[in-house]
Amino acid sequence: MPLDRKSERSVQVLGIDAGGTMTDTFFVDADGEFVVGKAQSTPENEALGLIESSREGLAAWGLSLEDALSSIQTGVYSGTAMLNRVVQRKGLRCGLIVNAGMEDFHRMGRAIQAYLGFAYEDRIHLNTHYYDEPLVPRHLTRGAMERVDMFGTVVIPLREDTARQAARELIEQDVEGIVISLLHSYKNPTHERRVRDIVLEELKASGKQIPVFASVDYYPVRKETHRTNTTILEAFAAEPSRQTLKKISSAFKDNGSKFDMRVMATHGGTISWKAKELARTIVSGPIGGVIGAKYLGEVLGYKNIACSDIGGTSFDVALITQSELTIRNDPDMARLVLSLPLVAMDSVGSGAGSYIRLDPYTKAIKLGPDSAGYRVGVCWAESGIETVTISDCHVILGYLNPDNFLGGQVKLDRQRAWDAMKEQIADPLGLSVEEAAAGVIELLDSELRDYLRSMISGKGYSPSSFTCFSYGGAGPVHTYGYTEGLGFEDVIVPAWAAGFSAFGCAAADFEYRYDKSLDINIPEDAPDDEKAAEAKLLDDAWQELAQRVLEEFELNGYSADQVRLTPGYRMQYRGQLNDLEIESPIKTAGRPDDWDKLVEAFNDTYGRVYAASARSPELGYSVTGAIMRGTVPIPKPKIPKEEEGSPIPPEEAKLGTRKFYRHGKWVDAQLYQMETLKPGNRINGPAIIESDATTFVVPGGFETFLDGHRLFHLKEV
């Protein structure tokens, strides 16, 4: 990441990761070179943290924010603001219209929503389960008389007077959005669209302007609870978030930008902040890291990747197998089941800012799930935090330089952390402060290691088949701890680990994706005419979804000939419960041999994801959904490539030594400046490699090597 040529540098791409603790920015110039900026997040006004992070990063290139923004073509945002809004139930006041007689189903939810996010011991005990307040309260829910059955046949015609009465009552209650979700509307949308039109008529008559959201216009998929929750999110949380994104876009335009902000979506592509289905961006930050790992793997030849991201609030894990992501169609978030295509990720509520507490009865140490977020911990005097965090342990044990947190923007006080740890954890357990802090770190690393192992073994793989990518602001601090003994093929820490999710945003395609539920069932030995008919049903769904994709791109100024359309489908063996998402080997379908190609692609993918011997075609195949993705190419960051030189680090990279506590003793760790190290350098632990944005810990028994792509490879020796 050379820092010269300041006057002629043309910045092209901006990637943003607005996390709960830190806000990262990632700038890419016309030659593919990049630089990372970092600042504390400002939840009360995200734009402030973004501007500060941008200025900090561009300063390394000798550029002002105004100089850089004038040439940027693409800006991509990812963050957690919408998810936080849902978790805190701080959304718009919405009304809901459902089938008459079904007015309680949203409030009841699904049983799983009573224990989502619980630890195992709490899941198995009924008395620990509870339901959150529904996004739409019961008194703002109304019923309209109608019924369409599961095959799409009208059983009870729509009683339009009931729909009109429901609309009037909700309008009178001053709701800020109206959601319509009827049973089986994904099979036959006629009634739901007529209810939508009636609501619009009543709104026009009332003189009020309230957005209306019919589930069939947004998420025409099965499972009414999932579909209803997701459509409600569009009204409840996405619309307020749209205003936040508009404010961020305006803040950059006030400083000279000409681009429109895009947002990382749950399926791994990016969409405009003006997009119709903005709920697809409910969780975007962690997705960026996975997309960045996939892009890096494609460029450098890593096919099986275990992605591990530690920030201030959580540890996020995702697996890339044979260069393919797994997409979940029915994920859960904020204790809600949803109908969104989501890059399959699992999260542990433990990060660098997680609080440490003792169970008052057992004296067991409990980590998180709540976190200090951007306030770091007791070690920051201005934080207002009184409960010790993981970051306090980092400072006590010598992992972090108290004077160089965020490059010195924030000064940490080791004594404050020491005193709090002594009072809250060490003394009650009869331990020294060092023993208590080290025990906490070892407990966290052990939890993360077990979680990572179970993720991989649960898919039938061994860690030896995977390369582990470790990133996030706190990832490199813990890499050795949660990978030790697992036997990964390789463990990689990018030099830009702290801004890796923002890097992933910059590497993501401009992509819209739409899904539609289907019910196509066919035996293995079906006759040709049946194969052709079922292939045509899938093709009809593709054409419908393609039109929606092209309409979204047209709103953003792209014509149909600029968009690359990629059809896909979800298929499973009949009799099995889980389907797989497949990228279609053909662009259109309608002939018997087209069906055979779809089946062959599914069988190949199934054999890679699970095992060839696990295939089960005897009962035939089911297509459960159609998918259409449209992409427009964008400039992407160039992976650094420098010549590898001497294994001995240059003297100017050495920053002296610092005491580091591990395995019951203090040792002298050699300190290095990360940016000054050269490709080819090898460093044996104990060592600490520092940059302004992160700290890479290499304890005794470990060695790291910096390659020409500025990737650190960590090995046990």
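Residues numbered from 1 in each chain as written. Predicted model: local features only at pLDDT ≥ 70, side-chain atom pairs only at ≥ 80, totals over all residues. Heavy atoms only, no water.

An unreviewed UniProt entry annotates the protein as Hydantoinase/oxoprolinase family protein originating from Paracoccus methylovorus.

## Digging into the overall build of the protein
Looking only at helices and strands, the protein features 17 helices and 35 strands. Relative to the 2.2 N^0.38 estimate, which gives 27 Å for 717 residues, the radius of gyration of the protein is 26 Å and therefore close to what a compact globule would have. Across its three principal directions, the C-alpha atoms of the protein cover 80 × 55 × 55 Å. When contacts within the protein are restricted to residue pairs at least 6 apart in sequence, long-range pairs at least 24 apart make up 68% of them. Working note: accessible area of the protein is about 28,300 Å², and carbon and sulfur atoms make up 49% of it. Within the protein, one finds 77 positive and 102 negative side-chain charges whose respective centroids are separated by 2 Å. (Helix = DSSP H or I, 4+ residues; strand = E, 2+ residues; numbered from the N terminus. Rg over C-alpha atoms; globule rule 2.2 N^0.38 Å. Contact = heavy atoms within 4.5 Å. Areas by Shrake-Rupley, 256 points an atom, 1.4 Å probe, with all protein chains shown as cover. Lys, Arg positive; Asp, Glu negative; His and termini not counted. Charge placed at Lys NZ, Arg CZ, Asp CG, Glu CD.)

## Thoughts on the side chain of Ser249
Within the element layout of this structure, Ser249 appears in helix H9 (residues 224-254). Of the residues examined, Ser249 reaches a relative accessible area of 4% and is grouped as buried. Beyond its immediate stretch of four places on either side in the chain, Ser249 contacts Ser257, Phe259, Asp260, Met261 and Trp273. (Buried < 20%, exposed > 50% of the residue type's maximum accessible area, 1.4 Å probe, protein only.)

## Side note on the sheet that holds strand E6 (residues 141-144)
Here 4 strands make up an open sheet; going across it, the order is E6-E5-E9-E10 and the pairing parallel. The strands lining the two open edges of the sheet, one partner per strand, are E6 and strand E10 (212-214). Averaged over all adjacent pairs, the angle separating strand axes in this sheet is 20 degrees, with direction ignored. Pairing analysis gives 4 bridges linking strand E5 (residues 94-99) to E6, with the strands arranged parallel. Counted as the bridge partner of Ile97 is Arg142 from E6. Lying on the sheet, helix H6 (residues 160-172) is in contact with E5, E6 and strand E9 (177-180); it crosses E6 at an angle near 165 degrees. Packed onto the sheet, helix H7 (residues 190-206) meets E5, E9 and E10 and runs at close to 170 degrees relative to E10. (Pairing = 2+ DSSP bridges. Axes fitted to C-alpha atoms, helices over the stretch in contact; angles between N-to-C directions.)

## Structural notes on the UniProt feature "domain: Acetophenone carboxylase-like C-terminal" (unreviewed entry) in the protein
Sequence positions flagged by UniProt for "domain: Acetophenone carboxylase-like C-terminal" (unreviewed entry) are, in local numbering, residues 526-717. Across residues 526-717, helical content stands at 24% and strand content at 34%; the span's end C-alpha atoms are separated by 58 Å. (UniProt positions renumbered as here; feature names shortened; annotations may be inferred.)

## Focus on the environment of Phe259
As for its placement among the helices and strands, Phe259 is situated in the loop between H9 and strand E11 (261-264). Residue Phe259 is classed as buried on the basis of its relative accessible area of 4%. If sequence neighbours within four positions are ignored, Phe259 has contacts with Leu14, Leu69, Ile72, Gln73, Thr74, Gly75, Ser249, Phe252 and Lys253.

## Some words on the sheet that holds strand E29 (residues 654-662)
Backbone-to-backbone hydrogen bonds pair the strands of a sheet. The strands run either parallel or antiparallel. What the 4 strands build is an open sheet, ordered E29-E30-E32-E33; its pairing is mixed. On the outer flanks of this sheet lie E29 and strand E33 (695-698), each paired with one strand and no other. Taken over all neighbouring pairs, the strand axes of this sheet differ in orientation by 25 degrees on average, direction set aside. In this sheet, strand E30 (residues 665-673) lies alongside E29 in antiparallel orientation, the contact comprising 8 bridges. In the strand pairing of E30, Arg662 is matched with Lys665.

## Considerations on the packing of H6 against H7
At a minimum axis distance of 9 Å, the contact between H6 and H7 shows a crossing angle of 45 degrees. Taken together, the axis directions place H6 and H7 in an arrangement best described as oblique. The way H6 lies across H7 gives a crossing that is right-handed. Side by side, H6 and H7 meet where Glu160, Ala163, Arg164, Ala167, Arg168 and Ile171 of the first sit next to Arg194, Val195, Ile198, Val199, Glu201, Glu202, Leu203 and Ser206 of the second. In terms of residue class, the contact of H6 with H7 is built from 7 nonpolar, 1 polar and 6 charged. (Parallel < 35°, antiparallel > 145°, perpendicular 65-115°, else oblique. Left-handed = near helix turned anticlockwise from the far one by under 90°. Nonpolar A, V, L, I, M, F, W, Y, C, P; charged D, E, K, R; others polar.)

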